[in-house]
Amino acid sequence: MMAKSISCQCICFFLSVVFIFVNLISCHNNKIELRHENHVALFIFGDSLLDNGNNNYISTILDFRANFWPYGETFFNYPTGRFSDGRLIPDFIAQFAGLPLIPPYLKPGNPEFRNGVNFASAGAGALLETHQGLVVDLGTQIKYFKKVETSLRQELGVAKAKNLLSKAVYLIGIGGNDYLTKNSTMVSNEEFVSMVIGNLTLAVKEIYKKGGRKFGFMEMMPLGCLPYIKAQNGGCCINGITQLAELHNSGFPKALNELKEKLNGLKYAHYNFFESVSERLNNPSKYGFKDATACCGYGEGRGVYSCGGKRGITEFILCENPDDYLFFDAYHFSEKAYQQFAKLMWSGTIDIVWPYNFKTLFQANDQMF
């Protein structure tokens, strides 16, 4: 009798442990499901300001690659394909949102899309013709996004994929390469800007069709004041190029308002990139920079695009501390500058990012809009 009693006690104890263990697993799984339901992914479309390495995996020229030293010399300690000494705007936005670094879409392997993915390609434009054959243009980036949407539906099921895509934030920053390569004899400035904005709005509509509702847009910067442009013009800005950027910045908000009227539930953050860059060009010391020129390059203001010595010109000078400079090379900003821009995008006031900032897009639910 004693043996039977002990045996029964052992069985009961074992069953109790199993019951508790199963409940703990169930509770853990429910927490995971809840976290996934509230999860906000980040999808990125754009050019070299946002490209975190996609061009490493396409056939292109070294003008559109940054997978060699000294790119990546500070934060990563190796070249990742980012056109800077360290991180870019999407890297900081992901950090602020509690996400890991978002992977480049074209990186080989088995990518995890639940956190989002980066489609941006250095040299790309909103127009197919911009550096055609050497970059991943905006239209192709959208095609890649549609493949990701299909993959998510297959992996998560239709309902969960739809939920993920509707909560996600879509960062778009593209158009500068279109304006920098515009043929002055082709069409008028107004017509050309209309073409670029038309392709941007088409991209938004395509993402919207797949469930996207929350977008972040970057204005054009003062393109005529890039170190490369100034080096071609005796150290002075070229106003004609900047005027194209200003035309774009005037017309795009109007296009967004029209989209908002047509696309139910569309919400966006529109970042005044032009003003942010202009302020730092005009008063670099106010923002912690010793100079508004480039850290890496050659010639006046290091505006010759020779950083790394692999783009046809071997001569280049590399500064001691990239944080002292607004730009890292003749076209692209230092990590310190990108971090400042990202902070403004994330939590800036309505005078710099509107009608919402990125923090609101990531953290607010539908009822708060």
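Structural notes, computed from the coordinates. (Residues numbered from 1 in each chain as written. Predicted model: local features only at pLDDT ≥ 70, side-chain atom pairs only at ≥ 80, totals over all residues. Heavy atoms only, no water.)

## Overview of the sheet that holds strand β2 (residues 116–118)
Note the cut-off: Note on pairing: DSSP must find at least two bridges between two strands before they are called paired. Secondary structure elements follow DSSP: runs of H or I no shorter than four residues count as helices, runs of E no shorter than two count as strands, and numbering proceeds from the N terminus. As a rule, the C-alpha atoms of each element are fitted with a line to give its axis, helices using only the stretch in contact, and angles between N-to-C directions run from 0 to 180 degrees.
Within the open sheet, the six strands sit side by side as β2-β1-β3-β4-β5-β10. Their pairing is mixed. Either end of the sheet is taken by a strand with one partner, and the two such strands are β2 and β10 (353–355). Strand-to-strand twist in this sheet, taken as the mean axis angle between neighbours without regard to direction, amounts to 20°. The sheet contact formed by strand β5 (residues 267–271) and β10 spans three bridges and is antiparallel.

## Overview of the side chain of D51
The test is simple: Burial status follows relative accessibility: with a 1.4 Å probe on protein chains alone, a residue under 20% of its type maximum counts as buried, one over 50% as exposed, and anything between as partly exposed. Only four residue types enter the charge count, namely Lys and Arg as positive and Asp and Glu as negative; His and the chain termini do not. We count a salt bridge whenever a side-chain nitrogen from Lys or Arg sits within 4 Å of a carboxyl oxygen from Asp or Glu. Whenever a nitrogen or oxygen atom comes within 3.5 Å of another N or O atom, the pair is scored as a polar contact, on the condition that within protein one atom can donate a hydrogen and the other can accept it, and that pairs from neighbouring residues in sequence are kept only if both atoms are in side chains.
With respect to the element layout, D51 can be found in the loop between β1 (42–46) and α2 (89–96). Salt bridges are absent for the buried D51, whose nearest opposite-charge side chain, R82, sits at 8.2 Å. Here G53 takes part through its backbone nitrogen, which lies 2.8 Å from a polar atom of the side chain of D51. In this structure the side chain of D51 is engaged in a polar contact, spanning 2.8 Å, whose partner is the backbone nitrogen of N54.

## Overview of the state of the cysteines
For clarity, the cut-off: Any two cysteine sulfur atoms within 2.5 Å of one another count as a disulfide.
In the structure shown here, the tally under the stated rule is three disulfides. One disulfide bridge connects C225 with C237, the sulfur atoms lying 2.1 Å from each other. The chirality of the disulfide connecting C225 with C237 is right-handed, given an S-S dihedral of about 120°. Of this pair, C225 sits in the loop between β4 (214–218) and α7 (227–231) while C237 is found in the loop between α7 and α8 (239–262), placing the two residues twelve residues apart along the sequence. Here C295 is linked by a disulfide to C319, with a sulfur-sulfur distance of 2.1 Å. The disulfide joining C295 to C319 has a torsion of about -90° about its S-S bond and is therefore left-handed. Highlighted residues: C295 in the loop between β6 (291–294) and β7 (296–297) and C319 in the loop between β8 (317–318) and β9 (325–327), separated in sequence by 24 residues. Per residue, the accessibility class of C295 equals that of C319, and both read buried. Cysteine C236 is unpaired, with the sulfur of C237 as its nearest cysteine sulfur at 7.5 Å. Residue C236 is classed as partly exposed on the basis of its relative accessible area of 43%.

## A few points about the nonpolar core
To be explicit about the condition: Residues belong to one nonpolar core when they are buried, are Ala, Val, Leu, Ile, Met, Phe, Trp, Tyr or Cys, and are joined through side-chain atoms within 4.5 Å. In what follows, residue pairs with any heavy atoms lying within 4.5 Å of each other are defined as contacts.
Of all hydrophobic cores here, the largest spans 92 residues; its most connected members are L42, F43, F45, I89 and F333. The greatest single-element share of this core, amounting to nine residues, is contributed by helix α6 (residues 189–209). Dropping the residues within four chain positions of it, F45 is found in contact with L50, F119, A120, L138, Q141, I142, F145, Y170, L171, I172, G173 and I207. In this structure, A66, Y71, C296 and C319 belong to the second largest nonpolar core, which totals 13 residues.

## Looking at helix α10 (residues 335–347)
Heads up, the condition is: Here the expected span of a helix is defined as 1.5 Å times the quantity of residues minus one.
The terminal C-alpha atoms of α10 lie 18 Å apart, and with 13 residues this matches the ideal 18 Å at 1.5 Å per residue to within 8%. Residues E335, A337, Y338, Q340, F341, A342, M345 and W346 constitute the buried set of α10.

## Side note on the side chain of T60
Relative to the assigned elements, T60 resides in the loop between β1 and α2. Of the polar contacts made by the side chain of T60, one reaches the backbone oxygen of L134; its length is 2.7 Å. Apart from the residues within four sequence positions on either side, T60 is in contact with N55, R65 and L134.

## Considering the packing of aromatic side chains
Rules: Between 30 and 60 degrees the pair is tilted, below 30 it is stacked and above 60 it is edge-to-face, where a pair is any two Phe, Tyr or Trp rings, Trp via its six-membered ring, whose centres lie within 6.5 Å.
For the coordinates displayed, the defined rule picks out 31 aromatic pairs. On the basis of an interplanar angle of 85° and a centroid distance of 5.5 Å, the ring pair of F68 and Y71 is categorised as edge-to-face. For the residue pair F68 and Y71, the accessibility class agrees, reading buried in each case. Taking the centre distance of 6.3 Å and the plane angle of 90° together, the rings of F119 and F145 count as edge-to-face. Here F119 is found in the loop between β2 and α3 (138–156), whereas its partner F145 is found in helix α3, with 26 residues between them in sequence. Under the relative-accessibility criterion, F119 is labelled buried at 1%. Aromatic rings pair up to connect F43, F45, Y105, F113, F119, Y144, F145, Y170, F215, F217, F252 and Y268 into one cluster.

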